[in-house]
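# A structural walkthrough
Given next are the chains, with one letter for each unit.
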There are 4 protein chains.
Amino acid sequence: MNSFNSLHYHLHTDLALEARDLVRGATGREISGVSEEQQTFPHCSVTIIKIMDENAEKVMGKPRGTYITIEAPELKFKSPDVQQSVADVLAQHLKNLLQLTGQETVLIIGLGNWQATPDALGPSVVQNTLITRHLFQHMPEAVENYQSVCALAPGVLGITGIETAEIIRGVVEKVQPNVIIAIDALAAANISRLGTTIQIGDSGITPGSGVSNKRAEISYQTMGVPVIAIGVPTVVNAALIAKTTLETYFAKFSQGKQHPVYIQETITDVFEPFHGSLIVTPREIDDLIQNAGRTINTGITMAIHQKVPQEELQALI
Amino acid sequence: MNSFNSLHYHLHTDLALEARDLVRGATGREISGVSEEQQTFPHCSVTIIKIMDENAEKVMGKPRGTYITIEAPELKFKSPDVQQSVADVLAQHLKNLLQLTGQETVLIIGLGNWQATPDALGPSVVQNTLITRHLFQHMPEAVENYQSVCALAPGVLGITGIETAEIIRGVVEKVQPNVIIAIDALAAANISRLGTTIQIGDSGITPGSGVSNKRAEISYQTMGVPVIAIGVPTVVNAALIAKTTLETYFAKFSQGKQHPVYIQETITDVFEPFHGSLIVTPREIDDLIQNAGRTINTGITMAIHQKVPQEELQALI
Amino acid sequence: MNSFNSLHYHLHTDLALEARDLVRGATGREISGVSEEQQTFPHCSVTIIKIMDENAEKVMGKPRGTYITIEAPELKFKSPDVQQSVADVLAQHLKNLLQLTGQETVLIIGLGNWQATPDALGPSVVQNTLITRHLFQHMPEAVENYQSVCALAPGVLGITGIETAEIIRGVVEKVQPNVIIAIDALAAANISRLGTTIQIGDSGITPGSGVSNKRAEISYQTMGVPVIAIGVPTVVNAALIAKTTLETYFAKFSQGKQHPVYIQETITDVFEPFHGSLIVTPREIDDLIQNAGRTINTGITMAIHQKVPQEELQALI
Amino acid sequence: MNSFNSLHYHLHTDLALEARDLVRGATGREISGVSEEQQTFPHCSVTIIKIMDENAEKVMGKPRGTYITIEAPELKFKSPDVQQSVADVLAQHLKNLLQLTGQETVLIIGLGNWQATPDALGPSVVQNTLITRHLFQHMPEAVENYQSVCALAPGVLGITGIETAEIIRGVVEKVQPNVIIAIDALAAANISRLGTTIQIGDSGITPGSGVSNKRAEISYQTMGVPVIAIGVPTVVNAALIAKTTLETYFAKFSQGKQHPVYIQETITDVFEPFHGSLIVTPREIDDLIQNAGRTINTGITMAIHQKVPQEELQALI
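Residue numbers here run from 1 along each chain, matching the order of that chain's written sequence. Lettering for chains starts from A, numbering for ligands starts from 1, and both go in the order in which the items are written. Per-residue local features are limited, in this predicted model, to residues with pLDDT of at least 70; the limit for side-chain atom pairs, both in listing and counting, is 80 or more; totals at the level of whole chains, interfaces and linings are taken over all residues. Only heavy atoms go into the side-chain values, all of them from the structure, while hydrogens and water stay out.

Under an unreviewed UniProt entry, chain A has the name Germination protease and belongs to Syntrophaceticus schinkii. UniProt positions are given in the numbering used here, feature names are shortened, and annotations may be inferred rather than shown by experiment. Of chain A, the UniProt comment under Catalytic activity (unreviewed entry) reads exactly: "Endopeptidase action with P4 Glu or Asp, P1 preferably Glu > Asp, P1' hydrophobic and P2' Ala." Quoted verbatim from the Subunit (unreviewed entry) heading of the UniProt record, the comment on chain A is "Homotetramer."

Here is the structure:
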């Protein structure tokens, strides 16, 4: 996940669309070096933002490139029709970016940790991708008309001890793909984007970004082939929730709503749409459940079976 | 999970210890009808709160009874020694509450949803509990000295369509246990409690509490046998984070720190200890990942294999 | 799973269709008290076997009733079209058995253990079923036209210590459903049926069957409402593989093929269709992986970090 | 998993100890070029087999090298004491093979597929390994005294489309480890070895072996650094069960036990120790459960909610 591991405490969004709003919110006018285009489709709208010069890079906090954002609020509900419709729009934009002739090899990278639910989007996509590259040698007739596709879920730095970009670079040198598609779970600033926004970018991706770290970048510069990044926000940094809340309150305050009663109004404004279903939890929730569960199990077992020697019990828990 | 499903939007804690702090914070003095005792152990401290009359019930928002809270900040790190030490303290208090003679049947109930990670504590404990009841008939020699223990993970209302208490009552009438131990993931007000606090209570538990709903209660009144509840906070309601933040800021503000710059100071105060590892995410994060993953997979497949007929591809995804 | 836990070692099939073949194979003629009907559909064929009298019950080793077997070899490949087509046939037969008017409550029971992959079919269906019963009270407008459906995955005897039928009976008395649909993973005799055969029966089901155990039966007799059982074979008892192999060899032998060389021919005959993808493994494969993994991890860590004190390492593994 | 994917149908064991027994069984005498040593420990015995020349390689079907086999039948039961005791023996042999001075980097490779239970041993070990390499740069004080360890779970050919050895070679060139430890689930010939035998080898490993494929080998020859392989049998090829059974029967037969009644005796001889807990199932059991579950869910939903339009239902399932 992009901004998950950042050690510096910062209020970050992985979405160019949100970065634009943040900058505009502060300055109140168009951003120099940033262009923008809107498209509307039955179940989604698309915004194409281009960051075109160094100044725009700095202001937006994102590298130069094209950022295509698909907003599809209906993705919140599981509907095959909406999924197919949004997939069609995604496919169309990918086709334009990929420009495949049929002879290329595509390497799909699933970033993230398959055992931490909010971070498992990339590995989950890889697990279900239609893989063909290994069949071209052994069963070429089965893949006639198909493109050569391979995939890797390299894991995260905390699990591997190796920069993810280093792993990918090693594999790229062996496989020699023509293009990389990297899938990652993103952090958004706005909770309404969780699961409903898809960002496609052509400027690469930095796992654990926020911290500037050129070595960690997965991009044309570091890989030698085009990198298309596809991401979906699955989390909001808890601190951003705090910031949003304070700013909402501050806006009220500056309108003369200075009484603490507006605290409740602020919270209602921010969270009402989610019916209390948003939770704050540590990233390591799986470990937390396992540790707490083991402690409780041990305690219960010791308390209940008092006549059984402790060592015998410990061997059974 | 206790306060997860509440439809009313409310700022709730499942911990009696936090309820006491909230009440005290507002009134600034001891609470009538509430007694309190402190104990200290090598790796944890214990607070025993007794809610003794109707007035205390109302003020605290919890039914009459004893609430034993074990605070063990070191549980955050996975240490077998700390786990065993805390389990010993837990076992000691459970023994006092259970008062078993060796002849009783204990029914362990794992509340929550095994497929929603933050809500899976109860089912996870049940999955690993030492179960003996079925052996007393078929292999009595194997369970000599053991207590009769059985267990159930009944699921949650959204999955079963049946009030959890209704399921348990049905099973209790068949199994006729002498005591119930119910395990549940809790919601706390304070993020530092996630995974580090264990609450033991003798007044029962209401899944999806907050909403007053007598039918849903799992207690001596509804089950006819004592109910010991054991819980660990795994989530904080995202709105509570907002409220905590606003209150922290408001305190600064009332000290004359009125400039927006204190927004950042506030956020640092609240989140610093967690190094940005706290995330806000919907409860339905597993579904979100699955839906988003499927949409992206479809889009990628359509974009890459352009020469393959769409219907053939759709059958393969 | 039906015949998983049987303590007596026996060569068992949960499928009436296979039982018929076994009996016929031995006697070579029609079975008295057993009727049979065939239907053919685009992607599947259906055989309806009726066991009509006590003699037939004994010979077939199954209680009186109707057994509808859907055979759909294409289910082996993941094809939404085939799945929908088979689901339509299943739906049609279920409609006939259920005879719903719209006012009934249906209780769906997912038998099996959600943490043992080959045994997780029932819980997996329950996890994804459309549940409506709880909405009739709180959101009746959302479920207009819908039937009232609730569900339970009660677990298995080894996890709960309670006979599964006991749990269900308790819940049935509370919920008062008009009909029960019980889903279970089955054991087949023939490996080609794994995942490709669906059996629907109206005579109930006995978890851990094979052993005669009236208390454990989930049927009209024990529940007081009709019980429709739906099952899919996910495993073959390893001993049945041995038996099939020996019989195949014995048939060759009786044709004069007495040389050990026919051992290889026999194995090829039995396993060729599966390209070596069939494995023999203990039911407790998840536990096996966990235990072996922990032992190896400990060994590796001790071997690698030789300068770190053992106790410090043990706390980290 | 070593011999899982083999396309040629063959009766294979990944264990040198079993290969020796098979060869000896056929020839009845010591094998030239193969040495052997025995050790005994409280909870396990160790056999060290050395394959020393080309002839021995051919006869044994394994490359030259040392194969250390730890047999610990008690690993079947979950006992922390036994696990620690076996881990100690494993650690001692690993130390001898690794000969670390403290300055080396160790790369741990978890072979296999994390989403196919019987094949998940390698990824499961990687997920829980103590990883330190990334800390040497950022938090060197935290890893004083520790060895530099990194890890990768590269996936399997069917998921990645890339030869696993190719992926590892790419990563090795970037990380430049001094030694590789590769963990894999193995296939045994003898069912009693499932989960109870650990093999350590210094001659490398070939995922999907059996098929001779030099490119796929993970060894000193292909990686340029020593490769220690650690494996545990988790499956037996179903065909091997058939073969074992036939041979057992054939032995009886040659002693004059020619009647079919000895079929049952044979099966009892082979399977008795496992109490019917051994199952035959396809490797793709997870997919099987998912596909069958979806089909049944669709059928049930269609059958129950007859008044709801089909399209509305299909969008909900």
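All names here are of chain C. In terms of burial, strand β4 (residues 105–110) is a largely internal element, six of the six residues being buried. Burial along β4 is two-sided: T105, L107 and I109 and V106, I108 and G110, pointing in opposite directions, are all buried. By the convention used here, strands pair only if DSSP detects at least 2 bridges between them. Helix and strand assignments follow DSSP, with helices taken as H or I runs no shorter than four residues and strands as E runs no shorter than two, numbered in order from the N terminus. Alignment of β4 against strand β5 (residues 148–152), held across five bridges, turns out to be parallel. For I108, the partnering residue across the bridge sits in β5 and is A151. Pairing between β4 and strand β6 (residues 179–188): five bridges, direction parallel. Note that in β6 the partner of I108 across the bridge is I181. In this scheme, a residue with accessible area under 20% of its type's maximum is buried, one over 50% is exposed, and one in between is partly exposed, where area comes from a 1.4 Å probe on protein chains only.

With that settled, consider the packing of helix α10 (residues 261–271) of chain C against helix α9 (residues 238–254) of chain D. Each axis is a line fitted through C-alpha atoms, taken for helices only over the stretch in contact, and angles between the N-to-C directions span 0 to 180 degrees. Here α10(C) crosses α9(D) at 145°, and the two axes come no closer than 10 Å. The hand of the α10(C)/α9(D) crossing is right-handed. Across from I263(C), T266(C), I267(C) and F271(C) in α10(C), the residues of α9(D) making contact are A238(D), A239(D), A242(D), K243(D), L246(D) and E247(D). Note on residue classes: Ala, Val, Leu, Ile, Met, Phe, Trp, Tyr, Cys and Pro are nonpolar, Asp, Glu, Lys and Arg are charged, and everything else, Gly too, is polar. Classifying every residue of the contact of α10(C) with α9(D) gives seven nonpolar, one polar and two charged. Two helices cross in a left-handed way if the nearer one is turned anticlockwise from the farther one by less than a right angle. They cross in a right-handed way if the turn is clockwise. Pairs of residues are marked as contacts when any of their non-hydrogen atoms sit within 4.5 Å.

A separate point is the environment of G170(D). Along the chain, G170(D) turns up in helix α7 (residues 164–175). Exposure remark for G170(D): the relative accessible area of 0% places this residue in the buried category. The sequence separation of G170(D) and M223(D) amounts to 53 residues, and the corresponding C-alpha distance is 9.5 Å. The residues touching G170(D), leaving out its near neighbours within four places in the chain, are G170(A), V171(A) and K174(A).

Here we come to the relation of the copies chain B and chain A. Superposition of chain B onto chain A requires a rotation of 180° combined with a translation of 0.0 Å along the rotation axis, giving an RMSD of 0.0 Å. Both copies of the chain, as the preceding transformation shows, are related through a two-fold rotation axis. Distance from the rotation axis, computed per C-alpha, reaches its smallest value in chain B at V280(B): 2.3 Å. A high fraction, 100%, of the interface residues of chain B reappear at the interface in chain A, so the copies pair face to face through one surface. C-alpha atoms of residues with pLDDT of at least 70 in both copies form the basis for the least-squares superposition of the copies.

Glancing now at the pattern of salt bridges. In the sections that follow, a salt bridge refers to a side-chain nitrogen of Lys or Arg positioned within 4 Å of a carboxyl oxygen of Asp or Glu. Taken as a whole, this structure holds 36 salt bridges over all chains when the rule is applied. Salt-bridge contacts for E18(B) lead to R193(B); the nearest nitrogen and oxygen are separated by 3.1 Å. Placement of E18(B) in helix α1 (residues 16–27) and of R193(B) in the loop between β6 (179–188) and β7 (197–201) is noted, with a sequence separation of 175 residues between them. Like E18(B), the residue R193(B) is buried in the burial classification. A single network of salt bridges, built from pairs that share partners, joins R20(A), D21(A), R24(A), E30(A) and E36(A).

Once chain D is rotated about the relating axis by 180° and shifted along it by 0.0 Å, it coincides with chain A to within an RMSD of 0.1 Å. Most of the interface of chain D is mirrored in chain A: 100% of its interface residues are interface residues there too.

This part is about a positive patch on the surface. Patches here are clusters of residues that have more than 30% relative accessible area and form no salt bridge, with a 9 Å joining cutoff for like charges and a 5 Å cutoff for nonpolar side chains (Val, Leu, Ile, Met, Phe, Trp, Tyr). Exposure was quantified through the Shrake-Rupley algorithm and a 1.4 Å probe, taking into account, for residues, occlusion by the shown protein chains and nothing else. Here the positive residues are Lys and Arg and the negative ones are Asp and Glu; neither His nor the chain ends is included. Charge placement uses NZ in Lys and CZ in Arg. For Asp and Glu, CG and CD serve respectively. A cluster of basic residues, K78(A), R294(B), K78(C) and R294(D), forms a positive patch on the protein surface. Inspection of the secondary structure assignment puts K78(C) in the loop between β3 (65–71) and α3 (80–98).

Tallying the contact residues gives 37 residues for chain D and 37 residues for chain A. As a working definition, buried area equals the accessible area (1.4 Å probe) given up by two parts on being put together, with both sides summed. Taken together, the two surfaces of chain D and chain A that pack against each other cover about 3,100 Å², and 55% of this comes from carbon and sulfur. Considering only the surface of chain D that becomes buried against chain A, W114(D), Q127(D) and K174(D) emerge as the three largest contributors, covering 21% of it. For the interface between chain D and chain A, the tally reads four salt bridges. For E173(A), the salt bridge identified is with K174(D), shortest N-O distance 2.7 Å. Side-chain atoms alone can form a polar contact between residues adjacent in sequence; in general such a contact is a pair of N or O atoms within 3.5 Å, and within protein one must be able to donate a hydrogen while the other accepts it. Seen at the junction of chain D and chain A, the total is eight residue pairs in polar contact (both at pLDDT 80 or more). When residues of the side of chain D that touches chain A are assigned to their parent elements, the largest contribution, eight residues, is made by α7(D). Class assignment for the residues of the side of chain D that touches chain A results in 19 nonpolar, 11 polar and seven charged.

This part takes up α3(C). Because the α-helix completes a turn every 3.6 residues, residues three or four places apart line up on one side. All names here are of chain C. By this rule the span expected of a helix is its residue count minus one, scaled by 1.5 Å. Spanning 19 residues, α3 covers 25 Å between terminal C-alpha atoms, matching the ideal 27 Å at 1.5 Å per step. What α3 keeps buried is the set V82, Q83, S85, V86, A87, V89, L90, A91, H93, L94 and L98. Note on α3: the residue one or two positions beyond its end, Q99, has a positive phi of about 50°.

A few words now on the interface of chain B and chain A. Contacts between chain B and chain A engage 101 residues on the former and 101 residues on the latter. Counting each side, the surface lost to burial between chain B and chain A is near 8,900 Å², with a carbon and sulfur contribution of 70%. Of all residues in chain B, L246(B), I279(B) and V280(B) give up the largest surface area on contact with chain A, accounting jointly for 8% of the area buried on that side. At the boundary of chain B with chain A, the tally comes to zero salt bridges. Counting across the chain B and chain A interface gives 14 residue pairs in polar contact (both at pLDDT 80 or more). By residue number, the principal contributor to the side of chain B that touches chain A is helix α11 (residues 285–304) of chain B, which donates 18 residues.

Let us now look at the arrangement of the chains. Where chain A comes nearest to chain C, the C-alpha atoms are still 12 Å apart, and the two do not contact one another. Nothing in chain B touches chain D, and the closest approach of their C-alpha atoms is 12 Å.

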